[in-house]
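Spelled out, the chains give:
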Amino acid sequence: MKLYITAPSPFARKCRIVAREKGLIDRIEEIAVDPYASPAELVAVNPIAQAPALVTDEGLAIADSPVICEWLDVNGSGPRLLPADGPDRWRVRRVETLGAAALEMGVKLVLEKRRPETERSTSWLDRWTANMARALDVLEADCPTGEPLDMGAITAACAMTWIGFRHPDFDCETGRPRLVTLRDALEQRSSFRETYPA
């Protein structure tokens, strides 16, 4: 299998963590790409040139980190990280979605800050920062313990680490002790240590 990644991407990191947790990493070739250059090999897998993107041994191309992670979860070994059905599935999915939403706001902030200062929108920067903070606050209230490990806990921890890494001017820790505890605990796992943001 081939997994197209960008090392700093929290969405790629989530897939890399799941691949390791599910015992699939020895079957996966991780290929670092520059999505902004729209390399042909990435576009062939994902026409909008975004990483992560997975190509299975059967040649199936899968884009979008939640879909990639679910495929890895179903096809790997060990306990399911995303329950197959029932109330637990929707609880985990809700936390996973909130973590992804916080990350999405953070990515928008990064992209806006890369624009020339005269072209940046203060109103969008303020809105995305407020959205990111609210998503983290709700995650704090509904924070999983990480035991057993699930897709929601993985995404929440990835969000805390990446936001702290990419937005050092944004205080993601104060008032969010449960998220800090979750992040610190999961960052001790080998799957997290091996994929720490570059």
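Scroll up to find the structure.
The notes below deal with the structure included here. These numbers were taken from a predicted model, which means no experiment stands behind them. (Residues numbered from 1 in each chain as written. Predicted model: local features only at pLDDT ≥ 70, side-chain atom pairs only at ≥ 80, totals over all residues. Heavy atoms only, no water.)

Here we look at the sheet that holds strand β1 (residues 2–5)
Right, so step 1: Strand order in the open sheet made by the four strands is β2-β1-β3-β4, with mixed pairing throughout. Taken across any chain shown, the strands that pair with only one partner, and hence form the sheet edges, are β2 (29–32) and β4 (61–63). Across this sheet, the average inter-strand angle for adjacent strands is 20°, counted without regard to direction.
Right, so step 2: Two strands pair when backbone bridges link them, and β1 and strand β3 (residues 53–55) are joined in this way by three bridges, in the antiparallel orientation. Counterpart to K2 in the pairing with β3 is V55.
Right, so step 3: Sheet strands in contact with helix α1 (residues 10–21) are β1 and β2, and its direction is about 150° off that of β1.
Right, so step 4: Helix α3 (residues 65–75) contacts β1, β3 and β4 of the sheet and is inclined by roughly 125° relative to β4. (Pairing = 2+ DSSP bridges. Helix = DSSP H or I, 4+ residues; strand = E, 2+ residues; numbered from the N terminus. Axes fitted to C-alpha atoms, helices over the stretch in contact; angles between N-to-C directions. Contact = heavy atoms within 4.5 Å.)

Describing the packing of aromatic side chains
Right, so step 1: Inspection of the entire model under this criterion finds one aromatic pair.
Right, so step 2: Considering the side-chain rings of W124 and W128, the 5.2 Å spacing of their centres and the 20° angle between planes classify their relative orientation as stacked. Of this pair, W124 and W128 both sit in helix α5 (residues 122–141), separated by four residues, roughly a single helical turn.
Right, so step 3: Lying across the ring of W90, R89 places its NZ or CZ 5.8 Å from the centre. (Phe/Tyr/Trp six-rings, centres within 6.5 Å; stacked < 30°, edge-to-face > 60°. Lys NZ or Arg CZ within 6 Å of the ring centre and 35° of its normal.)

A short note on the state of the cysteines
Right, so step 1: On inspection of all chains with the given rule, the structure shows zero disulfides.
Right, so step 2: Here C15 is not cross-linked by a disulfide; its sulfur's nearest cysteine counterpart is in C69, at 3.8 Å.
Right, so step 3: There is no disulfide at C172, and the cysteine sulfur nearest it, in C143, is 12 Å away.
Right, so step 4: Residue C172 is classed as buried on the basis of its relative accessible area of 4%. (Disulfide = S-S within 2.5 Å. Buried < 20%, exposed > 50% of the residue type's maximum accessible area, 1.4 Å probe, protein only.)

Brief notes about the nonpolar core
Right, so step 1: By size, the foremost hydrophobic cluster in this structure holds 52 residues, and its most contacted members are L54, L72, M132, L136, I154 and I163.
Right, so step 2: When contributions to this core are tallied by element, the ones reaching two or more residues are β1, α1, α3, α4 (86–114), α5, α6 (151–166) and α7 (177–186).
Right, so step 3: Tallying contributions element by element places α6 first for this core, with 10 residues.
Right, so step 4: In this structure L54 touches M1, K2, L3, V45, L60, A61, I62, I68, W71 and L72, once residues within four positions along its chain are discounted.
Right, so step 5: Core analysis: the next-biggest nonpolar cluster, separate from the first, contains nine residues, V33, V45, A51 and V55 among them. (Core = buried A, V, L, I, M, F, W, Y, C linked by side-chain atoms within 4.5 Å.)

A short note on the packing of α4 against α5
Right, so step 1: At a closest axis distance of 9 Å, the pairing of α4 and α5 adopts a crossing angle of 155°. By the angle between their axes, α4 is roughly antiparallel relative to α5. Crossing of α4 over α5 shows left-handed handedness. Taking contact as the criterion, the partners of R94, V95, L98, G99, A102, M105, G106, K108, L109, E112 and K113 in α4 are, on α5, L125, W128, T129, N131, M132, A135, L136, V138 and L139. (Parallel < 35°, antiparallel > 145°, perpendicular 65-115°, else oblique. Left-handed = near helix turned anticlockwise from the far one by under 90°.)

Overview of the pairing of β2
Right, so step 1: Summarising the sheet, β1 and β2 pair through four bridges and their orientation is parallel. Within β2, the position partnered with L3 by the bridge is E30.

A few points about α7
Right, so step 1: Inspection of α7 places L179, V180, L182, R183 and L186 among the buried residues, and these make up the whole buried set. Each buried residue of α7 sits inside an arc of 165° when the element is viewed along its axis, so together they form one side. Exposed and oriented more than 90 degrees from the buried face of α7 are P177 and T181.
Right, so step 2: Buried-residue contacts for α7 involve α5, α6 and α8 (190–193). (Arc of directions from axis to C-beta.)

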